[in-house]
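The lines below spell out each chain.
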Amino acid sequence: MARPDIDTPLRSMLFIPGSSEKMVGKGPTIEADAALFDLEDSVAPQMKEAARELVRAGIAETSNASGGPSTILVRVNDVESGMLEEDIDAIMTEGLDGIFLPKPESAADVRTADALLAKYERERGLEEGGVGVIAQIESASGVVHCYDICKAADRVVGVNLGSAEDADLCRSLGATWTEDGTTLLYTRSKVLVEARAAALPHPTDGVYMRLQDDDGCRADAEFAKKLGYTGKAAIHPRQVPIFNEVYSPSEEEISYYTEMAEAYREGEAQGLGAVSFQGKMIDIAMVKHADNVLARARAIAERA
């Protein structure tokens, strides 16, 4: 395994409570693109130390198993908690691909995490910069400083917007979560634009809390996809196939963009800079978009 890059699908990242031996033990068998072991909110304070040991063992078991998730992530505790170094000390081992860094308020928080990761990479003979960081934007300050957070260290590969109903971001903003997404539209858009401007490969959306509402879950994921997000964090295995489907190019899309690219390149060979395709005028800009969609489809197929 390796730090997530542009060819690493992260359509679905399943949170696994780090203090649950049963759930951690299921890491090798989950169908999500990433196992996301959690040392933060799902772990009670008195269980933090035990959870670190369970997660370390879970990383080893999951990374050595055949099949299962292609990426292993751990959500650590935030910088202000005073627990970040203990978390990183415990989990820095072969098989760890990246961390979720919750509640970064500024670039300084990312640099703190970066320095700790670099320290333990050196001490343990691991690849320098081999563990990525996904910054979990969960506050008004995090939204304001998102671009600087994204650019704070070379190992930052993505953001995850804390868009969960009634969670930290809603509290920080004083916002009321709505099913249609309008109240968080500005924050979703700003974080997405700044992650893209920073050329991060993995802008991902937050969790959908209503476990029995599959239709709402799908609608929430599709809304984020239309904005430009490439995946979503899941809190239950039933959400994983929904996210895998939503964030994969459909057969119809693959066929459409394949034919578009072929039509353009046939015209290009004849000296044309633009051609008509299915009643639309297309040029190189549209074909670049088609190439991106098809490249993503290939990466997902290779993961399967």
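It should be emphasised that the depicted structure is a prediction, and the values quoted were computed from it without experimental measurement.

Draft legend 1. Layout of the overall build of the protein chain. In terms of regular secondary structure, the protein chain is built from 12 helices and 10 strands. For 304 residues, the compact-globule estimate of 2.2 N^0.38 gives 19 Å, and the protein chain sits close to it at 20 Å. Across its three principal directions, the C-alpha atoms of the protein chain cover 65 × 45 × 35 Å. With 304 residues in all, the protein chain has 51% of them scored as buried. The long-range fraction of contacts in the protein chain, counting pairs at least 24 apart against all pairs at least 6 apart in sequence, stands at 72%. When the accessible surface of the protein chain is split by element, carbon and sulfur atoms take 50% of a total near 13,800 Å². Side-chain charges of the protein chain comprise 31 positive and 52 negative groups, with the mean position of each set lying 1 Å from the other.

Draft legend 2. The pattern of salt bridges, seen in detail. The final tally for this structure, using the stated rule, is 24 salt bridges. In this structure, lysine 103 engages glutamate 40 in a salt bridge whose closest nitrogen and oxygen atoms are separated by 2.5 Å. One end of the pair, lysine 103, is in the loop between β4 (98–102) and α4 (107–123); the other, glutamate 40, is in the loop between β2 (34–38) and α2 (48–64), and 63 residues separate them in sequence. When its relative accessible area of 3% is taken as the criterion, glutamate 40 is described as buried. Note that arginine 52 is salt-bridged to glutamate 86, the shortest N-O span being 3.9 Å. Taken together, the residues arginine 52 in helix α2 and glutamate 86 in helix α3 (residues 84–91) connect sequence positions 34 residues apart. Among the residues examined, glutamate 86 registers a relative accessible area of 45% and is labelled partly exposed.

Draft legend 3. Quick look at the sheet that holds β2. Pairing is parallel around the closed barrel formed by eight strands, whose spatial order is β1-β2-β3-β4-β5-β6-β7-β8. Averaged over all adjacent pairs, the angle separating strand axes in this sheet is 25 degrees, with direction ignored. Sheet topology note: the β4/strand β5 (residues 132–137) ladder contains five bridges and is parallel. Each residue of the ladder has a partner; that of glycine 98, found in β5, is glycine 132. In this fold α4 packs onto β4, β5 and β6 (156–161), with an angle of close to 150 degrees to the strand it touches most, β4.

Definitions and cut-offs
- Residues numbered from 1 in each chain as written.
- Predicted model: local features only at pLDDT ≥ 70, side-chain atom pairs only at ≥ 80, totals over all residues.
- Heavy atoms only, no water.
- Helix = DSSP H or I, 4+ residues; strand = E, 2+ residues; numbered from the N terminus.
- Rg over C-alpha atoms; globule rule 2.2 N^0.38 Å.
- Buried < 20%, exposed > 50% of the residue type's maximum accessible area, 1.4 Å probe, protein only.
- Contact = heavy atoms within 4.5 Å.
- Areas by Shrake-Rupley, 256 points an atom, 1.4 Å probe, with all protein chains shown as cover.
- Lys, Arg positive; Asp, Glu negative; His and termini not counted.
- Charge placed at Lys NZ, Arg CZ, Asp CG, Glu CD.
- Salt bridge = Lys/Arg side-chain N within 4 Å of Asp/Glu carboxyl O.
- Pairing = 2+ DSSP bridges.
- Axes fitted to C-alpha atoms, helices over the stretch in contact; angles between N-to-C directions.

The quantities given are spatial measurements derived from coordinates; they are silent on function.
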